Amino acid sequence: AAVSEVRAVDADRFEARVSTSNFPLVSLRPVMVMRCAKTDAALTVSIEEQRMEVDGPRWAADIVIAASQFLRTESTSTYSIADDVFTCQSIVEASFDLPRWVPIPVSAVEKGGQSAIEKQVLDDMDGMIKSLVASVEAPDDAAGGAAPA
């Protein structure tokens, strides 16, 4: 799943919704608020808040929302271009401290967690780079502003 929607919260914070993932009984949409800090040399994106939106039977949604309270992710990515080379440095820390009462197979989460995180970071980075390139290459519209990406 990759970021499917982004909206500005204020001048340097943005809310991003990840595309919906469907599971038996429930559909999940992670939502994150990210802070973007721009300098002449780089763009740094950090996750400030996160939550889970869930659709499905109330009892199943309640379990997923309760379990998501135990998920903690800290992520900071810095993007820069120097000497015509694009560089991204990311630090991602994730923990999922599930209590015993949550009916989620912990071993499956542990086995798939690292590869799932790596795939998510790579997929998101690919989409962000494509959007960035498209927005930079977009021609100005008739009103003089940049065309939306």
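Refer to the preceding data block for the structure.
About the thresholds
- Residues numbered from 1 in each chain as written.
- Predicted model: local features only at pLDDT ≥ 70, side-chain atom pairs only at ≥ 80, totals over all residues.
- Heavy atoms only, no water.
- Helix = DSSP H or I, 4+ residues; strand = E, 2+ residues; numbered from the N terminus.
- Buried < 20%, exposed > 50% of the residue type's maximum accessible area, 1.4 Å probe, protein only.
- Contact = heavy atoms within 4.5 Å.
- Arc of directions from axis to C-beta.

Student: What am I meant to see in the side chain of Ser75 here?
Tutor: For Ser75, the position within the fold is in strand 6 (residues 71–82). Under the relative-accessibility criterion, Ser75 is labelled buried at 15%. Sequence-distant contacts of Ser75, defined by excluding residues within four places in its chain, comprise Val45, Ser46, Ile47, Ile91 and Val92.

Student: Help me out: how do you make sense of helix 1 (residues 58–68) in this one?
Tutor: An α-helix turns once every 3.6 residues. As a result, residues three or four positions apart point the same way. Taken together, the buried positions of helix 1 are Ala60, Ala61, Val64, Ala67 and Ser68. Taken down its axis, helix 1 places every buried residue within 130° of arc, on the same side. In helix 1, the exposed positions that point more than 90 degrees away from the buried face belong to Arg58 and Trp59. As for helix 1, its buried residues are in contact with strand 4 (27–38), strand 5 (42–55), strand 6 and strand 7 (85–96).

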